[in-house]
Amino acid sequence: MIGIGVIGYGYWGPNLVRNFSECRGAAVRTVCDREPTRLQQVERRYPGVTVTTSAADLCDDPSVDAVVIATPVEHHFDLAMQALRAGKHVLVEKPMASSSQQAARLIDEAAARKLVLMVDHTFVYTGAVRKMRELTQAGELGEIYYYDSVRINLGLFQHDVNVLWDLAVHDLSIMDYVLDQRPVAVSATGLSHVAGRPQNIAYLTMFFESNMIAHVHVNWLSPVKVRRTLLGGSRRMVMFDDLEASEKLKIYDRGISLNPGHENKYQMLVGYRTGDMWAPQVAVTEALSAEASHFVECVTGSVTPTTDGQAGLRVVRLLEAASESMARQGQLVSVEAVGA
Ligand SMILES: NC(=O)c1ccc[n+]([C@@H]2O[C@H](COP(=O)([O-])OP(=O)(O)OC[C@H]3O[C@@H](n4cnc5c(N)ncnc54)[C@H](O)[C@@H]3O)[C@@H](O)[C@H]2O)c1
């Protein structure tokens, strides 16, 4: 049985505690939050779980084998490093750390100690995103032309990260998992509408070595909630709408064909193909439940996490490049040059 300690019991922490409590092979031993009022809720719901306001005490707890970190991003690095140095496996929330340098140091520390380091890129564990990867990798969509996502709502204004680090991180982790190519350069623009706070609206464009392009639009100041992603390929196109109760994924057998013109054979005519649309069956298991099981499997066996430290680092590197571009009003930033 893997003993789990969870640090951070705010909005997301309770979901992690619940899923690890229900996970076969795991038992939540200790929950830490620096706010005692948060811990009262843990005591009421989970009478057998120890609570503490000290992360150091949780890391020193011999009944804890693995630490799950669900605090704001600015604390991820210090807490994850503390846990690794205490010999604990780590599952850290997205984004993995505040900089690629921090992310790389965590990877090195975990490797040196032969400990599991996994990042909670939740969407990777959803049935819809798994299906998107399956379709892409099997060539069902053909050549991938674009990834286009809108992730907006009247959201909680974070104080430590801008909206890219809070919302676009989901798209970057989905792209990292689904596609077999990575962005080489990014351009981002965005603004803050609250003095002294990070940007609350942003438009991020990503360029690849191939003929593919990606765009992500994120906003904490939208009157409506939208979670809609399009993945366009030469053969088929996919729409992922996370707000749909069922049929989250729709596959469109639609596209274009290019035919030589009648009068001028060098002039191509664009023809339209409007075939069927269907909604494939996707697993409806809660993503965090699948993820908790996978983490336990990684700790107990020799399985490498699907969303390991390297995946976390790749995502943080893109976020850094995007923030740098945003600070320079959308100037193109090479991903490789960032954090090097
Ligand atoms: N995977 C997802 O879909 C998803 C969704 C929401 C949030 N998150 C991530 O979860 C993390 C937490 O977000 P949230 O919305 O729950 O934040 P939150 O502010 O609601 O909760 C954070 C909690 O951590 C506690 N805390 C902060 N620093 C601490 C420390 N040093 N020691 C102990 N406790 C500490 C706070 O008291 C608070 O209760 C963030 O990294 C966020 O990006 C992930």
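Further up the page is the structure itself.
*Asks:* How would you sum up the site of the ligand? Please name residues and give values.
*Replies:* Within the structure, the ligand sits among 21 residues, and Tyr 11, Trp 12, Asp 33, Lys 94 and Thr 122 are positioned closest to it. In this structure, a nitrogen atom belonging to the ligand sits 3.2 Å away from a side-chain N or O atom of Glu 93. Between Asp 120 and the ligand, the recorded distance is 3.4 Å, taken from a side-chain N or O atom to a nitrogen atom. Across the complex, the protein chains shield 83% of the 850 Å² of accessible surface that the ligand would expose by itself. Taken together, the residues of the shell around the ligand break down into 7 nonpolar, 7 polar and 7 charged.

*Asks:* An account of the nonpolar core is requested, with residue identities and associated values reported.
*Replies:* Formed by 105 residues in total, the largest nonpolar core has its most connected members in Ile 4, Phe 20 and Leu 164. Counting residues per element, this core draws most heavily on helix α7 (residues 163-178), at 11 residues. The contact partners of Leu 164, leaving out residues within four places of it in the chain, are Val 169, Ala 202, Leu 204, Val 218, Leu 319, Ala 322, Ser 323 and Met 326.

*Asks:* So what about the pattern of salt bridges? Which residues, and what values?
*Replies:* The full count for this structure, using the stated rule, is 15 salt bridges. Between Arg 85 and Glu 109 there is a salt bridge, with the nearest N and O atoms lying 3.9 Å from each other. Placement of Arg 85 in helix α4 (residues 76-85) and of Glu 109 in helix α5 (residues 100-113) is noted, with a sequence separation of 24 residues between them. Arg 85 gets classed as partly exposed once you look at its relative accessible area, which sits at 49%.

*Asks:* Explain the sheet that holds strand β10 (residues 213-219) residue by residue, including any values.
*Replies:* Spatially, the 9 strands line up as an open sheet ordered β14-β13-β12-β11-β7-β10-β9-β8-β15, and their pairing is mixed. The open sheet has two edge strands with one neighbour each: β14 (268-278) and β15 (333-334). Across 7 bridges, the pairing between strand β7 (residues 144-154) and β10 is parallel. What sits directly across from Tyr 146, in β10, is Ile 213. Here helix α9 (residues 309-327) sits on the sheet in contact with β8 (185-191), β9 (201-207) and β15, set at roughly 55 degrees to β8.

*Asks:* Could you give me a rundown of helix α1 (residues 13-21), with the residues and numbers involved?
*Replies:* With 7 of 9 residues buried, α1 lies mostly within the body of the structure. Those residues of α1 that sit buried are Gly 13, Pro 14, Asn 15, Leu 16, Val 17, Asn 19 and Phe 20.

*Asks:* Could you give me a rundown of the sheet that holds strand β6 (residues 117-120), with the residues and numbers involved?
*Replies:* The 6 strands are arranged β3-β2-β1-β4-β5-β6 in an open sheet whose pairing can be described as parallel. Each edge of the open sheet is held by one strand with a lone partner, namely β3 (50-52) and β6. Taking each pair of neighbouring strands and ignoring which way they run, the sheet shows an average axis angle of 25 degrees. Each of β2 (26-32) and β3 touches helix α2 (residues 36-45); the most contacted strand, β3, lies at about 180 degrees to it.

*Asks:* So what about the packing of α7 against α9? Which residues, and what values?
*Replies:* Two quantities define a packed helix pair, namely the angle between the helix axes and the distance between the axes. Viewed as axis vectors pointing N to C, α7 and α9 meet at an angle of 130 degrees, and their least axial separation amounts to 10 Å. Relative to α9, the element α7 is oriented oblique. Crossing handedness for the pair α7 and α9: right-handed. Within the contact between the two elements, α7 uses Leu 164, Trp 165, Val 169, Leu 172, Ser 173 and Asp 176 and α9 uses Ala 311, Arg 314, Val 315, Val 316, Leu 318, Leu 319, Glu 320, Ala 322, Ser 323 and Met 326.

What counts as what
- Residues numbered from 1 in each chain as written.
- Predicted model: local features only at pLDDT ≥ 70, side-chain atom pairs only at ≥ 80, totals over all residues.
- Heavy atoms only, no water.
- Near = heavy atom within 4 Å.
- Polar contact = N/O pair within 3.5 Å; in protein donor to acceptor, adjacent residues only side chain to side chain.
- Areas by Shrake-Rupley, 256 points an atom, 1.4 Å probe, with all protein chains shown as cover.
- Nonpolar A, V, L, I, M, F, W, Y, C, P; charged D, E, K, R; others polar.
- Core = buried A, V, L, I, M, F, W, Y, C linked by side-chain atoms within 4.5 Å.
- Buried < 20%, exposed > 50% of the residue type's maximum accessible area, 1.4 Å probe, protein only.
- Helix = DSSP H or I, 4+ residues; strand = E, 2+ residues; numbered from the N terminus.
- Contact = heavy atoms within 4.5 Å.
- Salt bridge = Lys/Arg side-chain N within 4 Å of Asp/Glu carboxyl O.
- Pairing = 2+ DSSP bridges.
- Axes fitted to C-alpha atoms, helices over the stretch in contact; angles between N-to-C directions.
- Parallel < 35°, antiparallel > 145°, perpendicular 65-115°, else oblique.
- Left-handed = near helix turned anticlockwise from the far one by under 90°.

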